[in-house]
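# Structure assessment
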Amino acid sequence: MAWQALGDCPFADAEEERLRAEQQREKTVTAVAEARRRQENGEVRAGTDPAFALLAAYAITLAPVTMPQLVEDVLGGDPLSPETRRILRTQLVRLLTDEQTEEDE
């Protein structure tokens, strides 16, 4: 996704790129529907837009790879370390759910 956004797409031709983009849109629509279903089941915080929840999850998950310097500056550690991944996961869960994490207990 990052390479596509930067215009350095590895696809052989425009038709292949169009087909892959269409497949990605279909997957995204499905993922938003799943987030909506999870919200209805109480897994995603009420009042949070399921599409925003999905976008936030992607952005936070990809940040250590797509913006490692920013993650290191903000969190003060190796952006790819297990500790950083744990922090990102814990904070994402807190942001999007009403669940308690192990750190909360």
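Before reading on, note that the structure itself is shown above.
It should be emphasised that the depicted structure is a prediction, and the values quoted were computed from it without experimental measurement.

## Here we look at the overall build of the protein
When helices and strands are counted, the protein shows 5 helices and 0 strands. Its helices and strands in sequence order give the protein the pattern α-α-α-α-α, from N to C terminus. Burial analysis of the protein (105 residues in total) assigns 23% to the buried set. Contacts in the protein between residues far apart in sequence, at least 24 positions, make up 32% of those at least 6 positions apart. Surface accessibility of the protein: about 7,800 Å² in total, with carbon and sulfur atoms responsible for 56%.

## Here we look at helix 2 (residues 14–40)
End to end, helix 2 covers 39 Å across 27 residues, agreeing with the expected 39 Å (1.5 Å per residue, within 8%). Turning to helix 2, its buried residues number three or more, namely Val32, Ala35 and Gln39. At its buried positions, helix 2 is contacted by helix 3 (50–66). Following helix 2 by one or two positions, Gly42 has its phi on the positive side, about 85°.

## Description of the packing of helix 3 against helix 5 (residues 82–96)
Close contact between helix 3 and helix 5 brings their axes to 11 Å; oriented N to C, the two are set at 170°. In terms of orientation, helix 3 lies roughly antiparallel with respect to helix 5. Judged by the sense of rotation from one axis to the other, the crossing of helix 3 with helix 5 is right-handed. Of the residues in helix 5, those in contact with Ala53, Ala56, Ala57, Ile60 and Pro64 of helix 3 are Leu88, Leu92, Leu95 and Leu96. For the contact of helix 3 with helix 5, the per-class residue count stands at 9 nonpolar, no polar and no charged.

## Observations regarding the pattern of salt bridges
Taken as a whole, this structure holds 7 salt bridges when the rule is applied. Two residues, Glu34 and Arg37, come together in a salt bridge whose shortest N-O distance is 2.5 Å. A residue pair is termed a helical-turn pair when its members lie 3 or 4 positions apart in one helix, as Glu34 and Arg37 do in helix 2 at 3 residues. Among the salt bridges present, the one from Arg45 reaches Asp98, with a minimum N-O distance of 2.8 Å. Pair noted here: Arg45 is in the loop between helix 2 and helix 3 and Asp98 is in the segment after helix 5, with a separation of 53 residues, a long-range link. Its relative accessible area of 29% is what places Arg45 among the partly exposed residues. One connected set of salt bridges, linked through shared partners, spans Glu15, Arg18 and Glu22.

## Some details on helix 3
Relative to the 24 Å expected for 17 residues at 1.5 Å per residue, helix 3 spans 23 Å between its end C-alpha atoms, a close match to the ideal helical length. Within helix 3, the axis deviates most sharply at Ile60, by approximately 25°, and proline Pro64 lies no more than four positions further along. Those residues of helix 3 that are buried lie in contact with helix 2, helix 4 (68–75) and helix 5. In this structure Asp49 caps helix 3, since a side-chain oxygen of it lies 2.7 Å from the backbone nitrogen of Ala51.

So, how was this worked out
- Residues numbered from 1 in each chain as written.
- Predicted model: local features only at pLDDT ≥ 70, side-chain atom pairs only at ≥ 80, totals over all residues.
- Heavy atoms only, no water.
- Helix = DSSP H or I, 4+ residues; strand = E, 2+ residues; numbered from the N terminus.
- Buried < 20%, exposed > 50% of the residue type's maximum accessible area, 1.4 Å probe, protein only.
- Contact = heavy atoms within 4.5 Å.
- Areas by Shrake-Rupley, 256 points an atom, 1.4 Å probe, with all protein chains shown as cover.
- Expected span 1.5 Å × (residues − 1).
- Axes fitted to C-alpha atoms, helices over the stretch in contact; angles between N-to-C directions.
- Parallel < 35°, antiparallel > 145°, perpendicular 65-115°, else oblique.
- Left-handed = near helix turned anticlockwise from the far one by under 90°.
- Nonpolar A, V, L, I, M, F, W, Y, C, P; charged D, E, K, R; others polar.
- Salt bridge = Lys/Arg side-chain N within 4 Å of Asp/Glu carboxyl O.
- Bend = angle between axes of the 7 residues up to and from the residue.
- Polar contact = N/O pair within 3.5 Å; in protein donor to acceptor, adjacent residues only side chain to side chain.

Geometric values such as these leave the question of function open.
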